[in-house]
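Structural features, examined
One-letter residues, chain by chain:
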Amino acid sequence: MKQYKYIDLLIFVSYCIIAIGIPISNAITSIGIGLVFLLWIVSKILKKEKPVFLRDKLLMGLVLLFVLSNLVSFFNTAYINESVRGATKVLKFVLLFFVSLDFFRNAEYKKNFIGVLVGMSLVMYLDALWQHFFNVDIFRAHALPIEEEARRLTASFHEPNSFGGYISVMLLLTMSMFFFGKIKKKLFFSKSNLKFNLS
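Residues numbered from 1 in each chain as written. Predicted model: local features only at pLDDT ≥ 70, side-chain atom pairs only at ≥ 80, totals over all residues. Heavy atoms only, no water.

Observations concerning the nonpolar core
Membership of the largest hydrophobic core comes to 28 residues, with the highest contact counts inside it found for Ile-11, Tyr-15, Val-36, Leu-96, Phe-103, Phe-113 and Met-124. Secondary structure elements with two or more residues in this core: helix H1 (2-24), helix H2 (26-47), helix H4 (80-103), helix H5 (107-134) and helix H6 (160-198). Here this core takes eight residues from H1, the largest share from any one element. Discounting residues that sit within four places of it in the chain, Tyr-15 has contacts with Val-36, Leu-96, Val-99, Ser-100, Phe-103, Phe-104 and Phe-113. (Core = buried A, V, L, I, M, F, W, Y, C linked by side-chain atoms within 4.5 Å. Buried < 20%, exposed > 50% of the residue type's maximum accessible area, 1.4 Å probe, protein only. Helix = DSSP H or I, 4+ residues; strand = E, 2+ residues; numbered from the N terminus. Contact = heavy atoms within 4.5 Å.)

Comments concerning the pattern of salt bridges
Applying the stated rule across the entire model yields four salt bridges. The closest approach of N and O atoms between Lys-47 and Asp-8, which form a salt bridge, is 3.1 Å. One end of the pair, Lys-47, is in helix H2; the other, Asp-8, is in helix H1, and 39 residues separate them in sequence. Note on Asp-8: relative accessible area 16%, which makes it buried. Across the salt bridge formed by Glu-49 and Lys-44, the nearest N and O atoms sit 2.8 Å from each other. For Glu-49, a relative accessible area of 38% corresponds to the partly exposed category. Taking the relative accessible area as the measure of exposure, Lys-44 reaches 10% and is therefore buried. Each of Lys-44, Glu-49, Asp-102 and Arg-105 takes part in salt bridges that share partners, so that together they form one network. (Salt bridge = Lys/Arg side-chain N within 4 Å of Asp/Glu carboxyl O.)

Section: a nonpolar patch on the surface
Together, Leu-122, Val-123, Tyr-125, Leu-126, Leu-129, Trp-130, Phe-133, Phe-134, Ile-138 and Phe-139 make up an exposed nonpolar region whose accessible area comes to about 1,000 Å². Note on placement: Val-123 falls in helix H5. (Patch = residues over 30% accessible without salt bridge, like charges linked within 9 Å, V, L, I, M, F, W, Y side chains within 5 Å. Areas by Shrake-Rupley, 256 points an atom, 1.4 Å probe, with all protein chains shown as cover.)

Quick word on H5
End to end, H5 covers 40 Å across 28 residues, agreeing with the expected 40 Å (1.5 Å per residue, within 8%). Looking one or two residues past H5, Asn-135 carries a phi angle of roughly 70°, positive in sign. (Expected span 1.5 Å × (residues − 1).)

Comments concerning the confidence of the model for the protein
In low-pLDDT segments, the atomic positions of the prediction should not be examined closely. For the protein, per-residue confidence averages 81 on the pLDDT scale, and 86% of positions sit at 70 or higher. Per-element mean pLDDT across the protein ranges from 67 in H6 up to 92 in H2. Ignoring residues within four places in sequence, the model shows residues 187-199, a span with pLDDT below 50, making zero contacts including any to other chains. (pLDDT = per-residue confidence, 0-100.)

A look at the layout of surface pockets
The volume enclosed by the largest pocket comes to roughly 660 Å³. In this structure, the largest pocket is lined by 20 residues; those nearest its centre are Ile-18, Ile-22, Ile-33, Phe-93 and Leu-96. Mapped onto the lining of the largest pocket, the elements with two or more residues apiece are H1, H2, H4 and H5. With seven residues, the single largest contributor to the lining of the largest pocket is H4. Residue classes in the lining of the largest pocket are distributed as 13 nonpolar, four polar and three charged. (1 Å grid on protein atoms, 1.4 Å probe; cavity = no way out; pocket = protein on both sides within 12 Å on 5 of 7 lines; lining within 4 Å. Points joined across faces, edges and corners; volume = space filled by probe spheres on them. Nonpolar A, V, L, I, M, F, W, Y, C, P; charged D, E, K, R; others polar.)

Some details on H4
For H4, built from 24 residues, the straight-helix expectation of 34 Å at 1.5 Å per residue is met to within 8% by its first-to-last C-alpha distance of 34 Å. Burial in H4 covers these residues: Ser-83, Ala-87, Val-90, Val-94, Leu-96, Phe-98, Val-99, Ser-100, Asp-102 and Phe-103.

Some remarks on the packing of helix H3 (residues 57-71) against H4
Two measures define how a pair of helices packs: the angle their axes make with one another and the distance between the axes. Contact pair H3 / H4: the axes reach a minimum separation of 10 Å and the direction vectors enclose 165°. Taken as axis vectors, H3 and H4 run roughly antiparallel relative to one another. In terms of crossing hand, the pair formed by H3 and H4 is right-handed. Where H3 approaches H4, its residues Leu-59, Met-60, Val-63, Phe-66, Val-67, Asn-70 and Leu-71 are matched on the opposing element by Ala-87, Val-90, Leu-91, Val-94, Phe-98 and Leu-101. The residue inventory of the contact of H3 with H4, partitioned by class, reads twelve nonpolar, one polar and no charged. (Axes fitted to C-alpha atoms, helices over the stretch in contact; angles between N-to-C directions. Parallel < 35°, antiparallel > 145°, perpendicular 65-115°, else oblique. Left-handed = near helix turned anticlockwise from the far one by under 90°.)

A short note on unusual backbone geometry
In the Ramachandran plot, Lys-48 falls in the positive-phi region, its phi being about 55° despite a non-glycine side chain. Take Lys-48: it is sitting in the loop between H2 and H3. In this structure Lys-48 comes out as exposed when scored by relative accessible area, which is 76%.

What follows is the structure, given as structure tokens:
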């Protein structure tokens, strides 16, 4: 069982590579995804386990319908290369979704990974501040335009909208963690008081 723990740890590290790569480099993200797939398959073979998502027939049916609806676009497309590239992306991220469902049943890994995501978003926020004051970001050396109306922060992203979307999602994730943590504490203390009063 100890060797399985090391494989799970390597999968977790691969997820961390994805989290770090999302705002910095598509290549790093792709490497992380590839490692996750490879190590997860090795893990399932060694453990002789059936993936947990295969038990949910409704979920599998809905996702299969989604994938098939994307593949239908091949019949009406004038740009076959773009369609192949798009279908490959869909299949890659659908598979990543399923692997994540299976792997993050471990609550400790789930909590630590969310911590990595939030930590990386903080780094991006500091990068944006640096870009605001010094006109260039740290990771990709993206310079702000000279025109005042076009000076929108991008941090290490190519587009300001991508940076805004990333920060918005991470902010919502951080707020949900904070409020969910407070709710859990209240429930814990209310249950403790109830037990105390009953005793």
